[in-house]
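# Fold and contact review
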2 protein chains.
Amino acid sequence: MYLCVMKQYSLSEENYLKTIFHLEQIADGNVSTNDIAEKMETKASSVSDMIRKLGEKNLVDYIKYQGVTLTDRGRKTALRVIRKHRLWEVFLVEKLDFQWDEVHEIAEELEHIESEELISRLDAYLGHPEFDPHGDPIPDANLRIAKIEKRLLSELRIHQRGICVGVHESDNDFLQYLDKRQIGIGTKVFVEDIETFDGSMTILVDDNRYFISKKIAENIYVQIT
Amino acid sequence: MYLCVMKQYSLSEENYLKTIFHLEQIADGNVSTNDIAEKMETKASSVSDMIRKLGEKNLVDYIKYQGVTLTDRGRKTALRVIRKHRLWEVFLVEKLDFQWDEVHEIAEELEHIESEELISRLDAYLGHPEFDPHGDPIPDANLRIAKIEKRLLSELRIHQRGICVGVHESDNDFLQYLDKRQIGIGTKVFVEDIETFDGSMTILVDDNRYFISKKIAENIYVQIT
DNA sequence: TTTGAAGTTTAGGTTACTCTAAAAAAATAT
DNA sequence: ATATTTTTTTAGAGTAACCTAAACTTCAAA
Ligand SMILES: [Mn+2]
Ligand SMILES: [Mn+2]
Ligand SMILES: [Mn+2]
Ligand SMILES: [Mn+2]
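Fair warning: this is a prediction, and the values are worked out from it, not measured in the lab.

So, about the domain arrangement of chain A. All names here are of chain A. Annotation of chain A at the domain level lists domain 1 (1-147) and domain 2 (151-224). Placing the centre of domain 1 and that of domain 2 at their C-alpha centroids yields a distance of 27 Å. If you look at the interface, domain 1 gives 7 residues, while domain 2 gives 12 residues. In total, about 810 Å² of surface goes out of reach between domain 1 and domain 2, with carbon and sulfur atoms giving 52% of it.

In structure tokens form, the structure reads like this:
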């Protein structure tokens, strides 16, 4: 029996699939052209071109004007890229001592390196990690991905406690904001007060009291404890 | 003062510069279009296009019909890529337990990842290695590259001894040929006999006697001891 | 139910890189 | 010195990925 490792998809195709995967997690139905364009910082017309091509390659189901859904093949390809991205992020933080806010861009390039053997050895070398430095689950070799029950900090009610398990956006500025306040994966948070007017919160982290906007609270995932 | 890290060169440009660098080491004068085409397995017309472009970018000195030479800028760029290639090869062998014949292709991709910080941390993580798994010297952070005095095994005379310090071609089949005979970097070799007719050799390696063709002997570098 | 705005696709163009075929220059042989 | 071969460049064309502008759908407000 021969395991046929066929020619891989282009860097661009992989980035599109990854983006569509992430948008599918949020949106309920099909993913729209405009949403993809916005997330990828490109033009809707370019997206149209690409999803037509992805459709022809059976990576997405696409009906004109109706947006796209990943096919099984497309989803698997996306998950493979995400697995590589997150494993490389772990490598950069654990082995090369990068900060969690410095690794995203580099992983964005490394995720396209094309060798099954490489990624399986890297996985083993890192001890088969289950989460990346931002708390996101890493698909295993069979592309199965853990679903952890987490909620946005903004969904917590007053006087509830939680443990930070991840962030929503991995924007550099945001991650540095958290670093400065010593908030990271595993940090315990207590909601002292919520401003009903704008949804901003007063939270306790260790011995510090922080006042955070709703936008910040909507980007931190916690497990309620 | 601002260290301007400008947009890097394309994957294709980097590969051309690297190839030209390697050809310059061998050839005396300018590097010819055809030589580049052959090494890169592409057409002379494509090479012509590219070297014109590299010339415009001041990466090579180019006079039509006269071939090219790297400029300082071009040589530095080539050395940066070679440094990355060889450091990644060390990583793959030392940390991920790849064999020396398995790493070239993967490094060929990794060498284009674009982050000074990444490569300087990788360098430190590996303990600032001086040679890659094939015995080739790794340019340091200032792009200075060690020149080791080495000769081809085929240049040795009868009854001379040497230590294997590198290989010329890194062809997979060739490296596997060496592996099978337990010949690697550091292996001690004794030239027992040389066939004057075809230049083939009988050599002693540990307790084994091998009969090798001139072509093989021309691909093994040794330091005479 | 019309109509306008928003969303999406198509048409046509650009750039980077590649190719084949033909033309031009250089090197080699006679 | 001239003719032939080899090397190199140019001309013209294709593909992937992107763009702007124009045309076309869809959907929701009036
Ligand atoms: Mn990417
Ligand atoms: Mn991440
Ligand atoms: Mn390369
Ligand atoms: Mn090497």
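Another aspect to go through is the layout of surface pockets. Put simply, the largest pocket is a space of about 1800 Å³. Residue lining of the largest pocket: 44 residues in total, with B:His22, B:Lys39, B:His104, B:His168 and B:Ser170 positioned closest to the centre. At the level of elements, helix 1 (11-26), helix 2 (33-40), helix 4 (72-94), helix 5 (104-110) and helix 7 (172-180) of chain B are the ones that each hand at least two residues to the lining of the largest pocket. No other element matches helix 1 of chain B, which puts 7 residues into the lining of the largest pocket. Taken together, 33 residues line the second largest pocket, and the ones lying closest to its centre are A:His22, A:Lys39, A:Arg86, A:His168 and A:Ser170. At the level of secondary structure, the elements contributing two or more residues to the lining of the second largest pocket comprise helix 1 (11-26), helix 2 (33-40), helix 4 (72-94) and helix 5 (104-110) of chain A. Here the element with the most residues in the lining of the second largest pocket is helix 1 of chain A; it accounts for 7 residues. For the lining of the second largest pocket, the domains that each give at least three residues are domain 1 (1-147) and domain 2 (151-224) of chain A.

What follows is about the environment of B:Glu109. The topology assignment puts B:Glu109 in helix 5. Judged by its relative accessible area of 30%, B:Glu109 falls in the partly exposed class. Here B:Glu109 is in contact with A:His112, A:Ile113 and A:Glu114, once residues within four sequence places are set aside. Reaching out from B:Glu109, the side chain makes a polar contact with the backbone nitrogen of A:Glu114 at a distance of 3.2 Å.

Our focus in this paragraph is the protein's contact with DNA strand D. By nearness alone, 19 residues border DNA strand D, and A:Ser46, A:Lys53, B:Ser48, B:Tyr62 and B:Lys64 come closest of all. Protein-adjacent atoms of DNA strand D, using a 4 Å cutoff, are sugar or phosphate at a proportion of 71%. Between DNA strand D and the protein, one listed contact pairs a phosphate oxygen with a side-chain N or O atom of A:Ser12 at 3.0 Å. Note that a phosphate oxygen of DNA strand D is positioned 2.5 Å from one of the side-chain N or O atoms of B:Ser48. Broken down by secondary-structure element, the contributors of at least two residues to the surface near DNA strand D are helix 1 and helix 3 (44-56) of chain A together with helix 2 and helix 3 (44-56) of chain B. With 4 residues, the top contributor of residues to the surface near DNA strand D is helix 3 of chain A. Of the residues in the surface near DNA strand D, the class split is 5 nonpolar, 10 polar and 4 charged.

Take the packing of aromatic side chains next. Scanning the entire structure with this criterion turns up 6 aromatic pairs over all chains. Taking the centre distance of 5.6 Å and the plane angle of 80° together, the rings of A:Trp88 and A:Phe91 count as edge-to-face. With a gap of 3 residues between them, A:Trp88 and A:Phe91 both fall in helix 4, about one helical turn apart. We classify A:Trp88 as buried; its relative accessible area is 0%. Ring centres 6.3 Å apart and planes at 75° place the aromatic pair A:Phe91 and B:Tyr125 in the edge-to-face group. Of this pair, A:Phe91 sits in helix 4 while B:Tyr125 sits in helix 6 (residues 116-125), each in a different chain. Positioned above the aromatic ring of A:Tyr125, the side-chain terminus of A:Lys95 is 4.5 Å from the ring centre. Across the ring face of B:Phe98, the terminal group of A:Arg121 is positioned such that the distance to the ring centre comes to 4.4 Å.

Our next topic: the coordination of the manganese ion (ligand 3). Residues and elements named next belong to chain B. At this site the manganese ion (ligand 3) is bound by Asn15 (OD1), Glu108 (O), Glu108 (OE), Glu111 (OE) and His112 (NE2), with donor distances of 2.1 to 2.7 Å. Counting the intervening residues between successive donors of the manganese ion (ligand 3) yields the motif N-x92-E-x2-E-H. Separated by 96 residues along the polypeptide, Asn15 in helix 1 and Glu111 in the loop between helix 5 and helix 6 bring together distant segments of the chain. Accessibility assignment for this pair places Asn15 and Glu111 in one class, buried.

Rules of the game
Residue positions within a chain follow its written sequence, with the count starting from 1. Starting at A for chains and at 1 for ligands, labels are handed out in the order in which the entities are written. Only residues with pLDDT of 70 or above have their local features reported here, since the model is predicted, and side-chain atom pairs are shown and tallied only from 80 upward, although totals for entire chains, interfaces and linings are computed over all residues. Side-chain metrics rest on all non-hydrogen atoms present in the structure, leaving aside hydrogens and water. The split of the chain into domains comes from an automatic or database domain assignment. Whether two residues are in contact is decided by their heavy atoms, any of which lying within 4.5 Å being enough. Here the quantity called buried area is the accessible surface, traced with a 1.4 Å probe, that two parts lose on coming together, added over both. A 1.4 Å probe that fits into a set of points on a 1 Å grid over the protein atoms alone but cannot get out defines a cavity; an open set with protein on both sides within 12 Å along at least five of seven lines defines a pocket, and lining residues are those with an atom within 4 Å of a point. Grid points are joined across faces, edges and corners, and a volume is the space filled by probe spheres set on the points. Each helix corresponds to a stretch of at least 4 residues labelled H or I by DSSP, and each strand to a stretch of at least 2 residues labelled E; elements are numbered beginning at the N terminus. Relative accessible area decides the class of each residue, using a 1.4 Å probe on protein chains only: under 20% of the type maximum gives buried, over 50% gives exposed, and in between gives partly exposed. For this analysis, a polar contact is any N or O atom pair within 3.5 Å, provided that within protein one partner can donate a hydrogen and the other can accept it, and provided that sequence-adjacent residues contribute only side-chain to side-chain pairs. What makes a residue near a molecule or strand is one non-hydrogen atom of that residue sitting within 4 Å of it. Under the scheme applied, nonpolar residues are Ala, Val, Leu, Ile, Met, Phe, Trp, Tyr, Cys and Pro; charged residues are Asp, Glu, Lys and Arg; polar residues are all the others, including Gly. What counts as a ring pair is set by centres within 6.5 Å for rings of Phe, Tyr and Trp (its six-membered ring), and what kind of pair is set by the plane angle: stacked under 30 degrees, edge-to-face over 60, tilted for all other angles. Ring-over charges, as used throughout, are those where CZ of Arg or NZ of Lys falls within 6 Å of the ring centre and within 35 degrees of the ring normal. The donor set covers N, O and S atoms within 2.8 Å of the metal, switching to 3.2 Å for Na, K and Ca, and it leaves out water, so a site may look short of donors.

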